[in-house]
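# Structure at a glance
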Amino acid sequence: MGNIKNYLGIAGGCLLALASCAGNQTASRTVSGLDPAAFDTTLNGKKVELITLKNNNGMEVCLTNYGGRVVSLCVPDKEGKPTDVVLGYDNIRQYADTLNSPSDYGSSVGRYANRIKNAQITVGGKVYKLRANDNENTLHGGGNTGWLHQIYNVQAKTDSSVTFAITAPDGENGFPGTVKATATYLVKSNNTLDITFKATTDKETVINMTNHSYFNLNGDPSKVGTDEVMYINADKFTPSDAKYIPTGEIRDVTGTPMDFRKPHAIQETITDTTFDQIHNATGYDHNWCLNTFKNGKGDDTQVAASLFSPKTGILLEVFTNEPGLQVYTGNFQGTGIPCKHGIKYPKHVSVCFESQKYPDSPTKINQKTKGWEISNPFLKPGQTYYSHLVYKFSVKK
């Protein structure tokens, strides 16, 4: 979710210290058509690479440790054709150039995904001023200086899994506590991408990690994706103001364009600009309160949301243990920037499913806002943050 313009900041020439990739031009391309040589380099003295995970059933996931990002995700369509279903770039230069091609494509977002009002949190009775990068608010941990633009260490790697690790210092973008976090991506035999986030801290802080992949299951991201059929297992959502900050209300979806309890094409309701929430966001960019979270615990065996393409027959099912799911329909796409394979993505080309604590939870919980207590982002020393997110793919003919 988020305004792509707010990621502007660090000129590409200042950020990049790219080593030459010329010596690796013979590397074979991935199923998704990526050239590993375009990622195999050095940024700010740290090694960056393209990591390819596979199973025996036609699934291939390519990731980079720059931002712990999913770069491509190929699964078979109804004809058995390998189809890349996520947006992104096909080179590290564009990912790292936050001035000319800002993005959160496929990233492992931290330390706090989504927005925090007034770029300020109170932890243990102390007020911490954060880096404001979205109007006067903090988005995705500080945007271009957050984890999505940090280089993760590759802690472990197999043919089907990789664990990225990051250590964030106390005071990073204003957040308290030295945090050690991991993001583990596992490709399973049933064409599932299983993601586990973990973190510890030496001082009380807030943690809210997620994956920010942009999905288009139609096989052609040069065209709008609102014909895809979406389902969200939620009776309620959290309305936002014009700056995308939740008002504190938890509202019933019944009778509104936010009701996806019966699957329907996104285009059937996304055009209802008489509804203030769609008007303000120019589409969907909202947190749903998942029915899969009950009695303080999330059931990650139950479908939280799904997306289906009638064109390719590809079905994506989402599972999580988190209380909230931010659904974002690429409202700030359409920038004219050439992306993977030179394609310029149009507005509303994709859908993001970001498992999460509710946006602005640190503020709402400190204000004792009713209903937000289930979305506790505070982490103390001795505790381990754990978040589970699953993207499962299949074909429905």
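Going along each chain's sequence as written, the residues are numbered from 1 onward. Only residues with pLDDT of 70 or above have their local features reported here, since the model is predicted, and side-chain atom pairs are shown and tallied only from 80 upward, although totals for entire chains, interfaces and linings are computed over all residues. Side-chain metrics in this entry use all non-hydrogen atoms of the structure; hydrogen atoms and water are not considered.

## What about the sheet that holds strand β26 (residues 314–320)?
The pairing criterion is simple: DSSP has to find at least two bridges between the two strands. In DSSP terms, a helix is any run of H or I states spanning at least four residues, a strand is any run of E spanning at least two, and both are numbered starting from the N terminus. Pairing in this open sheet of nine strands is antiparallel, and the strands run β12-β13-β14-β15-β30-β26-β25-β18-β21 from one edge to the other. Two strands close off the open sheet at either side, each with one partner strand: β12 (153–157) and β21 (264–265).

## Focus: the sheet that holds strand β3 (residues 50–54)
Ordered in space as β3-β4-β5-β6, the four strands form an open sheet in which the pairing is antiparallel. Among the strands making up the open sheet, the edge pair consists of β3 and β6 (82–84). Within the sheet, the average angular offset between the axes of one strand and its neighbour, ignoring direction, is 20°. Only the stretch in contact is used when a helix axis is fitted, and all axes are lines through C-alpha atoms; the angle between N-to-C directions ranges over 0 to 180 degrees.

## Overview of the confidence of the model for the chain
What pLDDT expresses is the predictor's confidence in each residue, scored from 0 to 100. For the chain, per-residue confidence averages 94 on the pLDDT scale, and 93% of positions sit at 70 or higher. The contact criterion used is simple: two residues touch if any of their non-hydrogen atoms lie within 4.5 Å. Per-residue pLDDT stays below 50 along residues 4–26; that stretch engages in 53 contacts with residues further than four places along the chain or on separate chains.

## A look at the pattern of salt bridges
Any Lys or Arg side-chain nitrogen located within 4 Å of an Asp or Glu carboxyl oxygen qualifies as a salt bridge. Within the structure shown, the criterion is met by 16 salt bridges. When the shortest N-O distance is used, the salt bridge between Asp360 and Lys364 registers 2.5 Å. Type-normalised accessible area, obtained with a 1.4 Å probe on protein chains alone, sets the label of each residue: buried when under 20%, exposed when over 50%, and partly exposed for intermediate values. Overall, Lys364 belongs to the buried group, its relative accessible area being 4%. Each of the salt bridges in this network shares a partner with another, and the network as a whole consists of Asp235, Asp259 and Arg261.

## As for the nonpolar core
We define a nonpolar core as any set of buried Ala, Val, Leu, Ile, Met, Phe, Trp, Tyr and Cys residues linked to one another through side-chain atoms lying within 4.5 Å. If you look at the biggest cluster of nonpolar residues, it comprises 58 residues, and the most contacted ones within it are Leu73, Tyr185, Phe353 and Phe393. The element contributing the most residues to this core is strand β14 (residues 179–187), with five residues. If we ignore the near neighbours within four places in the chain, the residues touching Phe393 are Met59, Leu73, Val75, Val85, Asn190, Asn191, Phe215, Leu217, Ile314, Leu315 and Leu316.

## Remarks on unusual backbone geometry
In this chain, Gly110 is followed by Arg111 through a cis amide linkage whose omega measures -5°. Locating Arg111 in the fold gives a position in the loop between β7 (107–109) and β8 (115–116). Non-glycine residue Asn44 carries a positive phi angle of around 50°. Considering the arrangement of structural elements, one finds Asn44 in the loop between β1 (41–43) and β2 (46–48). Positive phi is not limited to glycine here, since Asn295 has a value of about 55°. Among the secondary structure elements, Asn295 is positioned in the loop between β23 (293–294) and β24 (297–298). On the basis of relative accessible area, Asn295 is assigned to the exposed category, the value being 84%.

## Describing the packing of aromatic side chains
Classification of ring pairs rests on two measures: the distance between centres of Phe, Tyr or Trp rings, Trp counted by its six-membered ring, which must be within 6.5 Å, and the angle between planes, read as stacked under 30 degrees, edge-to-face over 60 and tilted in between. Counted by the stated rule, this structure contains 14 aromatic pairs. Relative to Tyr284, the ring of Phe260 has its centre 5.3 Å away and its plane inclined at 75°; by these criteria the two rings are edge-to-face. In this pair, Phe260 is assigned in the loop between β20 (251–252) and β21 and Tyr284 in the loop between α3 (276–281) and β22 (285–290), connecting sequence segments 24 residues apart. We note that Phe260, like Tyr284, is buried. One aromatic cluster is present, formed by Phe39, Tyr89, Tyr95, Tyr105, Tyr214, Tyr328 and Tyr345 through successive ring pairs. Our definition puts a charge over a ring when NZ of Lys or CZ of Arg is within 6 Å of the ring centre and also within 35 degrees of the ring normal. Its guanidinium or amino end placed over the ring of Trp372, Lys364 lies 5.6 Å from that ring's centre, counting from NZ or CZ. Above the face of the Phe308 ring, Lys396 is positioned so that its terminal group lies 4.2 Å from the ring centre.

## A word on the environment of Phe353
Mapped onto the elements, Phe353 comes out in strand β28 (residues 352–356). Along the primary structure Phe353 and Tyr328 are separated by 25 residues, whereas in three dimensions their C-alpha atoms are 7.0 Å apart.

## With respect to the state of the cysteines
A covalent bond bridging the sulfur atoms of two cysteines is what the word disulfide describes. Our working definition of a disulfide is a cysteine sulfur pair at a distance within 2.5 Å. Overall, the coordinates contain zero disulfides when judged by the stated rule. Cys352 takes part in no disulfide bond, and the closest cysteine sulfur to it belongs to Cys339, at a distance of 13 Å. Cys352 gets classed as buried once you look at its relative accessible area, which sits at 0%.

## Some details on the environment of Tyr244
Here Tyr244 is to be found in the loop between β19 (234–238) and β20. Measuring from C-alpha to C-alpha, the distance between Tyr244 and Gly124 comes to 26 Å, with 120 residues separating the pair along the chain. With near-sequence residues (within four places) excluded, Tyr244 lies in contact with Arg115, Asn280, Ala281, Asp285 and Phe332.

## A few points about the pairing of strand β27 (residues 324–328)
In terms of residue burial, β27 counts as a mostly covered element, since five of its five residues are buried. Neither face of β27 is left uncovered, since the one carrying Gly324, Gln326 and Tyr328 and the one carrying Leu325 and Val327 both have all their residues buried. Bridging between β22 and β27 involves five bridges; their strand directions are antiparallel. For Trp288, the partnering residue across the bridge sits in β27 and is Leu325. Bridge count between β27 and β28: five bridges; the pairing is antiparallel. Each bridged residue has a counterpart across the sheet, and for Gly324 the counterpart in β28 is Gln356.

## Overview of the pairing of β26
Residues in a regular strand point their side chains to alternate faces of the sheet. Of all seven residues making up β26, seven are buried, and the element is well covered by its neighbours. Side chains Ile314, Leu316, Val318 and Thr320 of β26 all project onto a buried face; the interleaved residues Leu315, Glu317 and Phe319 project onto the opposite face, where all are buried too. Turn length for the strand β25 (residues 305–308)-β26 hairpin, with the two strands adjacent in sequence and antiparallel, is five residues, and the turn residue Gly313 shows positive phi of about 80°. Looking at chain direction, β26 and strand β30 (residues 385–395) are connected through seven bridges and run antiparallel. Residue Leu316 lies in a different strand from β30, and its bridge partner there is Phe393.

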